[in-house]
Amino acid sequence: MQLLDPEAVFRAVDLAGVFVNAVLGGAIARSLKLDIIGFLVLAVLSGLGGGMIRDVLLQNGRPVALSDPTYLITALIGTGLIFNLPIKGRWMHRALSAADALALGCWAATGASKGLAAGLGWIPAIMLGMITAVGGGAVRDVCIGRVPGIFGGNTLTATTAFISALTMAAAWELGRPNWGMGAAILLAALLTVLTRTLGWTLPGQGGWDVGSAGRQLARTASAKRPRIVVHKGRLGRQRSQRNEQARTGMMPIVQVEREDSAASDKDDD
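Quick caveat, the model's predicted, so the values are computed rather than measured.

1. Concerning helix H6 (residues 122–143)
Phase 1: The terminal C-alpha atoms of H6, which comprises 22 residues, lie 31 Å apart, in line with the 32 Å expected from a rise of 1.5 Å per residue.
Phase 2: Where H6 bends most, at Val 134, the angle is about 50 degrees.
Phase 3: Two residues or fewer past H6, Gly 145 is found with a positive phi of approximately 70 degrees.

Laid out in structure tokens, this is it:
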């Protein structure tokens, strides 16, 4: 007899994610000083938008958010809470962030598993997982005239969703969907904490390019070349370079002292 039913645990995490993201959507509505309609729209989009987009794309019956009233009721409860009680306090924000991190992995894994169950390949299934995890927030941002956070400047939310969906897809192929769901949730939570703590972000346009990377590698390689000081004439320096190149496989950077260069030139003449 199992102490915990995996399906019940995953459903609890899923509903917690709906609640938390509805609260986060309502918090944005509060910051914009919207009315109750604005609160409802942003909260429902944040909490249920990704799953509804996924179900519409799969075309496999009605979206779960509409067929199972628990999801919509949970989103409405979160909306009513944030509308009447502003969320304040460091520990409250930490609790919301933790629940959001767990839900991110749960939603990514759920989207990927539903895609694989519908007969899709790895790539479209992983894409569905990412849409489930971040689609609602992206639609919410578009509705308020904001560039979606997943397009840059955030702490790797879409990247975390991709890794979680990929983990679920691999576990599905191994015949361990429950293990994959659990691993995706824990992995997303760990990556979210790391990226938010360390401030990891993807580079934007101009932040990295092949040319600058090549020049950086060239400077690094040059800095590691052996440096020797030669007190010989021109022929001696050339002989030393050839010997050092044969020994190390790299052409050394030769430094010649100024005070000996004039004398060496006279010897060559």
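2. Regarding the UniProt feature "transmembrane region" (unreviewed entry) in the chain
Phase 1: Under the local residue numbering, the UniProt record ascribes the feature "transmembrane region" (unreviewed entry) to residues 12–29, 36–57, 69–87, 119–139, 151–172 and 178–195.
Phase 2: The span residues 36–57 is 100% helical and 0% strand by assignment, and the distance between its end C-alpha atoms comes to 30 Å.
Phase 3: What you have in residues 178–195 is 100% helix and 0% strand, and the ends, taken at the C-alpha atoms, are 26 Å apart.

3. Let's talk about unusual backbone geometry
Phase 1: The backbone of Lys 33 shows a phi angle near 60 degrees, a positive value even though the residue is not glycine.
Phase 2: Note on placement: Lys 33 falls in the loop between helix H1 (6–31) and helix H2 (36–58).
Phase 3: Accessibility expressed as a relative area gives 75% for Lys 33, which makes it exposed.

4. Some remarks on the environment of Thr 132
Phase 1: Residue position: Thr 132 is located in helix H6.
Phase 2: Separated by 22 residues in sequence, Thr 132 and Thr 110 place their C-alpha atoms 7.9 Å apart.
Phase 3: Not counting residues within four places of it along the chain, the set of residues in contact with Thr 132 comprises Gly 50, Gly 51, Arg 54, Trp 107 and Gly 111.
Phase 4: A polar atom in the side chain of Thr 132 sits 2.7 Å from the backbone oxygen of Leu 128.

5. Quick notes on the nonpolar core
Phase 1: Residues Val 18, Leu 48, Ala 133, Ala 161, Met 181 and Ile 185 are the most contacted members of the largest nonpolar core, which totals 29 residues.
Phase 2: Sorting the residues of this core by element identifies H1, H2, helix H4 (69–84), helix H5 (90–117), H6, helix H7 (157–173) and helix H8 (177–198) as the ones contributing at least two each.
Phase 3: With near-sequence residues (within four places) excluded, Ala 133 lies in contact with Leu 104, Trp 107, Ala 108 and Ala 161.
Phase 4: Listed in part, the eight residues of the second largest apolar core include Val 20, Ile 28, Phe 39 and Leu 42.

6. Some words on the packing of H2 against H6
Phase 1: In the contact formed by H2 and H6, the axes pass within 7 Å of each other and the chain directions differ by 135 degrees. The angle between H2 and H6 falls in the class oblique. H2 and H6 meet at a crossing whose hand is right-handed. Along the contact surface, H2 presents Leu 42, Leu 45, Ser 46, Gly 49, Gly 50, Gly 51, Ile 53, Arg 54, Leu 57 and Leu 58, while H6 presents Leu 128, Ile 131, Thr 132, Gly 135, Gly 136, Val 139, Arg 140 and Cys 143.
Phase 2: Class assignment of the residues belonging to the contact of H2 with H6 gives a composition of nine nonpolar, seven polar and two charged.

About the thresholds
The numbering scheme is per chain: residues are counted from 1 as the chain's sequence reads. Under the rules for a predicted model, residues below a pLDDT of 70 receive no local features and side-chain atom pairs below 80 are neither given nor counted, while totals for whole chains, interfaces and linings still include all residues. Here the side-chain values reflect all heavy atoms present in the structure, with hydrogen atoms and water set aside. A run of DSSP states H or I qualifies as a helix once it reaches four residues; a run of E qualifies as a strand once it reaches two. Both are numbered from the N-terminal end. Each residue after the first adds 1.5 Å to the expected span of a helix. Throughout, bend refers to the angle between the axes fitted to the seven residues that end at a position and the seven residues that start at it. UniProt positions are given in the numbering used here, feature names are shortened, and annotations may be inferred rather than shown by experiment. Accessibility here uses a 1.4 Å probe with only protein chains present; expressed as a share of the type maximum, an area under 20% marks a residue as buried, one over 50% as exposed, and anything in between as partly exposed. Throughout, a residue-residue contact means that at least one pair of heavy atoms, one from each residue, lies within 4.5 Å. Throughout this description, a polar contact denotes any pair of N or O atoms lying within 3.5 Å of each other; where both atoms belong to protein, one of them has to be capable of donating a hydrogen while the other can accept it, and for residues adjacent in sequence the pair is counted only when both atoms sit in side chains. Working definition of a nonpolar core: buried Ala, Val, Leu, Ile, Met, Phe, Trp, Tyr and Cys residues. They are joined through side-chain atoms within 4.5 Å. Axes here refer to lines fitted to C-alpha atoms; in helices the fit is confined to the stretch in contact. Angles between the N-to-C directions go from 0 to 180 degrees. Oblique is the label for any angle not under 35 degrees, not over 145, and not in the 65 to 115 range, which are roughly parallel, roughly antiparallel and roughly perpendicular in turn. Handedness of each helix crossing follows the sense of rotation of the near helix against the far helix: counterclockwise by less than a right angle gives left-handed, clockwise gives right-handed. For this classification, Asp, Glu, Lys and Arg are treated as charged, while Ala, Val, Leu, Ile, Met, Phe, Trp, Tyr, Cys and Pro are nonpolar and the rest, including Gly, are polar.

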